[in-house]
Amino acid sequence: MSDSGDSDIAWTLYKDRPEWKDITPVSEDDGPNPVVVIAHSEKFEDVYDYFRAVLKKNEKSERVLQLTKDAVELNPANYTVWQYRRDLLKALGTDLRSELDYVESVIKQSPKNYQVWHHRRVLVEWLQDPTLELELTGDALLQDPKNYHAWQHRQWAIKTFGLFSKEMAFVDNLITEDVRNNSAWNQRYFVVNNHLGWSDLNVQREICYAMEKIKFVKNNESAWNYLRGVLLHDKRGLSGNAVVTSFCEDLYKNKCRSPYLLAFIIDICDEAIKKGELSCFHNPDRAIELCTALATKYDKIRSKYWNYISEKFKIAKNEQEEKEKQQENGDKMDD
Amino acid sequence: MDNLPRCYSDIANEKYDAERVITDTSSDQIDVEAVILNLYKQFEKNAAMDPEMPLLNRNAHTAVLKTWLKGLPKSYECLDASRTWLVYWILHSLWLLNDMPDAETLSHTVQFLSHCQHEEGGYGGGPAQHPHLGTTYAAVNALSIIGTDEAYDSIDRSSLQKFLWTVRDVDGSFALHKGGEQDIRGAYCAISIAKITNTYTDALFDKTAEWIVSCQTYEGGFAGCPGMEAHGGYAFCGLASLALLNRTALCDIDALLRWCVNRQMRVEGGFQGRTNKLVDGCYSFWQGAAFPIISAILSQGNKEIIESVFFNQSALQEYIMVCCQARDGGLIDKPGKFRDIYHTCYTLSGLSVAQHGTGIGDPFVLGSPRNELNRVHPLHNVAPHLVYNAVHYFIRHPPPVKDKN
Ligand SMILES: [Zn+2]
């Protein structure tokens, strides 16, 4: 940060401030033989010497509140400073609205920091007022649509205060913007899972949504994963939904060899075998063939995995044939 | 055969196909691939003349790590609340490289860590900082690596156990510190600390496994908290926690394996942290270490022990050694990024996992045999025998029972 260095001419060190004369600074006690010693700027050392002093004294005052601001600016990841600042806010009865503004400005500077987002959350909990949270996180996601902290705060606010009503439109916008934004897909799942529910109608609608997006970009793992996720809630499972199975077979017929498509058909086969509902499309031989194609051509980086999955199908196939043989023998005995 | 190094033309064939729909995700990916393909092309030319390639620059890494242990430039001010982490990352890296500091330096390190220990139990990120589960995990791991009686005895385990209780919530989850955020890192750090120091009790982790499983997502990986997106760092925390609690049966291991294998990038060879994100050297460990754990779990239900790991060990080693070594020592996230201690530790840890796999059978070391690193325990990211030594020391020396009155 440009304003944290020694070049800051206008800055007066705490040790030179008359209003802090009563405090004896406490320097960091690393012991006689310290390791990982950080070459702090003079300003950093000064601010933290005074922070340690007031922390030890447990002083709760306006001047300490200001001091924690300076300490945070020098290192926004110092959780002790943030925690003490929260203790101060409580003890001093500070206006929490202005604190919201303050933490917003810190979030804008350090949007990928655990402490700032947690501080924001505690303030919103104290105020029991989430009106600004969707806009704040929306802004952060405009800057970085995959910012994990921003999404986590947004989910918390939405779930805690029931702010679901416009979330599907928000998600849809982001997916339209970048169909590969997996965080947006995850948020879509979050909304259905926590708000709309997995009614048969919703399941079918989400399946259609995912299939539309897959038609648009076939090599998009996010959409495939979402489709699989939605089908976890379809009573007919992965293999029993004719819309999905024929969608996959059409893609395959039209020469689509996306590894995600092939992997999906393999999973359909797996389920069909487990349910004992084999067909000419979905059986152990097809699965083994697809595993081989993935291992040797379409998904070579994962060849070990596909060989392992293939082995599982071979074992299942042998067991099946063994069973059929025994059945035949049994039938003969009966004759 | 799965472990042969790839040739350039094969790698170039794996280039990203944006299907004429360019979005932020695809253009970022295409940019990274272009840089990395260039490095692989150059590498193939150089390797043709030198069978020792790729080479791990052990001396450069060791040298910079040793200077870091002494002192760090002003740019590390942002990690002033993570100094026990710095100690752990540096010592673990040096141990991987088999070049530990001398006994005196290690004793000084124990003394420094003692100054980070809080009177209420646990360790802060530096002296006079509140105790925090992350920095406590780092301190306990660092002291286990040092492995002397002085190191073990420096931990106040009675107060440590009290600290663990203060950050536990009724639902079995853990906050990182008193009044702090709550996520799956908290649970993992608490379990790892408690298991190593023999402060574990069933009551302390009641319902924790169930809470962790609620973080497994529809994609198969784990998120930081229920509802969020599957993420490499959190997936490691989730899986390692369940394994330490002996509760892996609660999660969907096939879905987890599917998600994990798909995080390996087909051009780069390294791992991404989330679906449709970019490769990053540190996920070499977070994602990579999940594989030996998964193989061990699958072996339990199997007649045969699964001796291998289900990722491309050679491609990961290529990525780390060709793309992630900073010229003057230290390792990086991806080409174009600056080196730092965190990425040095976790990228090297990932290289070790890529070489040793499950630890059964011979290691597979790409390039010069001198590239071989020491092995790690995938649940703690500390050497297996150092975990064993610490655990047994703490079992032999139970914490003094405090007077209940
Ligand atoms: Zn990283």
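Since we're looking at a predicted model, the values are computed, not measured.

## Points about the overall build of chain A
Alright, step 1. Counting its regular elements, chain A contains 15 helices and one strand.
Alright, step 2. The C-alpha atoms of chain A give 30 Å as radius of gyration, which overshoots the globular expectation for 335 residues (20 Å, by more than 25%).
Alright, step 3. Counting only C-alpha atoms and orienting by the principal axes, one finds that chain A spans roughly 105 × 50 × 40 Å.
Alright, step 4. Split into buried and exposed, the 335 residues of chain A put 54% on the buried side.
Alright, step 5. Residue pairs at least 24 apart in sequence account for 63% of intrachain contacts in chain A once pairs closer than 6 positions are excluded.
Alright, step 6. In the structure as shown, chain A presents an accessible area of about 15700 Å², 52% of it carried by carbon and sulfur atoms.
Alright, step 7. Looking at charge distribution, chain A has the averaged site of its 47 positive side-chain charges lying 4 Å from that of its 55 negative ones.

## Observations concerning the overall build of chain B
Alright, step 1. Secondary structure summary: chain B contains 17 helices and one strand in total.
Alright, step 2. Taken over the C-alpha trace, chain B has a radius of gyration of 21 Å; the compact-globule value for 405 residues is 22 Å, and the two agree within 12%.
Alright, step 3. For chain B, the spread of C-alpha atoms along the principal axes amounts to about 75 × 45 × 45 Å.
Alright, step 4. Classification of the 405 residues of chain B by burial places 63% in the buried group.
Alright, step 5. Here the contacts in chain B between residues at least 6 apart in sequence split such that 69% fall between residues at least 24 apart.
Alright, step 6. Of the roughly 15200 Å² of accessible surface on chain B, 52% is carried by carbon and sulfur atoms.
Alright, step 7. In chain B, 33 positive and 45 negative side-chain charges are present, and the distance between their average locations comes to 1 Å.

## Quick look at the coordination of the zinc ion
All names here are of chain B.
Alright, step 1. For the zinc ion, every protein donor is listed as D280 (OD), D280 (OD), C282 (SG) and H343 (NE2), and the spread of their distances is 2.0 to 2.6 Å.
Alright, step 2. One way to put it: the four donor atoms around the zinc ion meet at angles of 55 to 122°, and that makes the site irregular.
Alright, step 3. Within one chain, the residues donating to the zinc ion are spaced in sequence as D-x1-C-x60-H. There is no split in this pair, since D280 and C282 are both buried.

## Digging into the packing of helix 10 (residues 200-216) of chain A against helix 11 (residues 221-231) of chain A
Residues and elements named next belong to chain A.
Alright, step 1. Relative to each other, helix 10 and helix 11 sit at 165°, their axes nearing to 9 Å. With respect to each other, helix 10 and helix 11 are oriented roughly antiparallel. In the packing of helix 10 onto helix 11, the handedness of the crossing is left-handed. For the pair helix 10 and helix 11, contact is made by V203, E206, I207, A210, M211, K213 and I214 and by A223, W224, Y226, L227, V230 and L231, respectively.
Alright, step 2. A class-by-class count of the residues in the contact of helix 10 with helix 11 yields eleven nonpolar, no polar and two charged.

## What to know about a negative patch on the surface
Alright, step 1. On the surface, a cluster of negative charge is contributed by E177(A), D24(B), D28(B) and D31(B).
Alright, step 2. Tallying contributions element by element places helix 2 (residues 24-49) of chain B first for the negative patch, with three residues.
Alright, step 3. Here E177(A) is to be found in helix 8 (residues 167-177).

## Overview of the domain arrangement of chain A
Many analyses report the size of an interface as the accessible area lost when the parts associate.
Residue and element names in this part refer to chain A.
Alright, step 1. Here chain A is described as being made up of domain 1 (164-235) and domain 2 (258-325).
Alright, step 2. Its C-alpha centre places domain 1 at a distance of 27 Å from the equivalent point of domain 2.
Alright, step 3. On the side of domain 2, six residues touch domain 1, which itself brings eight residues to the contact.
Alright, step 4. Summed over both partners, the interface of domain 1 with domain 2 comes to about 650 Å²; 67% of that surface belongs to carbon and sulfur atoms.

## Notes on helix 4 (residues 83-96) of chain B
Residue and element names in this part refer to chain B.
Alright, step 1. Taking 1.5 Å of rise per residue, the 14 residues of helix 4 would be expected to cover 20 Å, and the 20 Å separating its terminal C-alpha atoms lies within 8% of that figure.
Alright, step 2. For helix 4, the tally of buried residues reaches 14 of 14 residues, placing the bulk of the element in the interior.
Alright, step 3. Note on helix 4: the residue one or two positions beyond its end, N98, has a positive phi of about 60°.

## A few points about the side chain of S173(B)
Residues and elements named next belong to chain B.
Alright, step 1. Along the chain, the position of S173 falls in the loop between helix 8 (157-167) and helix 9 (184-197).
Alright, step 2. At a separation of 3.3 Å, a polar atom in the side chain of S173 contacts the side chain of Q182.
Alright, step 3. Every residue in contact with S173, bar those within four places of it in the chain, is listed here: V167, R168, Q182 and W211.

## A look at the interface of chain A and chain B
Alright, step 1. Facing the 70 residues of chain A at the interface are 87 residues of chain B.
Alright, step 2. Summed over both sides, the interface of chain A with chain B buries roughly 6700 Å², with 49% coming from carbon and sulfur.
Alright, step 3. When the buried area of chain A at its contact with chain B is split by residue, Y79(A), Y148(A) and K304(A) rank highest and sum to 13% of it.
Alright, step 4. Here chain A and chain B share six salt bridges between them.
Alright, step 5. Considering only residue class, the side of chain A that touches chain B consists of 27 nonpolar, 25 polar and 18 charged.
Alright, step 6. Strand direction decides the pairing type here: strand 1 (residues 37-38) of chain A and strand 1 (residues 71-72) of chain B, joined by two bridges, are parallel. Looking across to strand 1 of chain B, one finds that V37(A) is bridged to G71(B).

## Re the packing of aromatic side chains
Alright, step 1. Evaluated as defined, the whole model comprises 44 aromatic pairs over all chains.
Alright, step 2. An angle of 40° between the planes, with centres 6.4 Å apart, marks the rings of W224(A) and F247(A) as tilted. Placement of W224(A) in helix 11 and of F247(A) in helix 12 (residues 242-253) is noted, with a sequence separation of 23 residues between them.
Alright, step 3. Among the aromatic side chains, those forming a connected cluster through ring pairs are W85(B), Y88(B), W89(B), Y137(B), Y188(B), F236(B), F285(B), W286(B), Y342(B) and Y346(B).
Alright, step 4. The ring of Y114(A) carries R185(B) above its face, with NZ or CZ at 3.7 Å from the centroid.

## Points about helix 6 (residues 133-146) of chain B
Residues and elements named next belong to chain B.
Alright, step 1. If you check helix 6, its first and last C-alpha atoms are 20 Å apart, about what 14 residues at 1.5 Å a residue would give, namely 20 Å.
Alright, step 2. The buried fraction of helix 6 amounts to 14 of the 14 residues, a majority that puts the element mostly inside the structure.
Alright, step 3. Residue G147 follows helix 6 closely and has a positive phi angle near 70°.

## Here's the deal with the confidence of the model for chain A
Alright, step 1. For chain A, the mean per-residue pLDDT works out to 95, and 96% of the residues sit at or above 70.
Alright, step 2. Note that pLDDT drops below 50 for residues 1-5 of chain A; the model gives that stretch twelve contacts with residues more than four away or on any other chain.

Scoring rules and cut-offs
Residues numbered from 1 in each chain as written. Chains lettered and ligands numbered in written order. Predicted model: local features only at pLDDT ≥ 70, side-chain atom pairs only at ≥ 80, totals over all residues. Heavy atoms only, no water. Helix = DSSP H or I, 4+ residues; strand = E, 2+ residues; numbered from the N terminus. Rg over C-alpha atoms; globule rule 2.2 N^0.38 Å. Buried < 20%, exposed > 50% of the residue type's maximum accessible area, 1.4 Å probe, protein only. Contact = heavy atoms within 4.5 Å. Areas by Shrake-Rupley, 256 points an atom, 1.4 Å probe, with all protein chains shown as cover. Lys, Arg positive; Asp, Glu negative; His and termini not counted. Charge placed at Lys NZ, Arg CZ, Asp CG, Glu CD. Donors = N, O, S within 2.8 Å, 3.2 Å for Na, K, Ca; no water. Tetrahedral: all angles 85-135°; square planar, octahedral: opposite > 155°, others 65-115°. Axes fitted to C-alpha atoms, helices over the stretch in contact; angles between N-to-C directions. Parallel < 35°, antiparallel > 145°, perpendicular 65-115°, else oblique. Left-handed = near helix turned anticlockwise from the far one by under 90°. Nonpolar A, V, L, I, M, F, W, Y, C, P; charged D, E, K, R; others polar. Patch = residues over 30% accessible without salt bridge, like charges linked within 9 Å, V, L, I, M, F, W, Y side chains within 5 Å. Salt bridge = Lys/Arg side-chain N within 4 Å of Asp/Glu carboxyl O. Domains from an automatic or database assignment. Buried area = accessible area lost by both parts, 1.4 Å probe. Expected span 1.5 Å × (residues − 1). Polar contact = N/O pair within 3.5 Å; in protein donor to acceptor, adjacent residues only side chain to side chain. Pairing = 2+ DSSP bridges. Phe/Tyr/Trp six-rings, centres within 6.5 Å; stacked < 30°, edge-to-face > 60°. Lys NZ or Arg CZ within 6 Å of the ring centre and 35° of its normal. pLDDT = per-residue confidence, 0-100.

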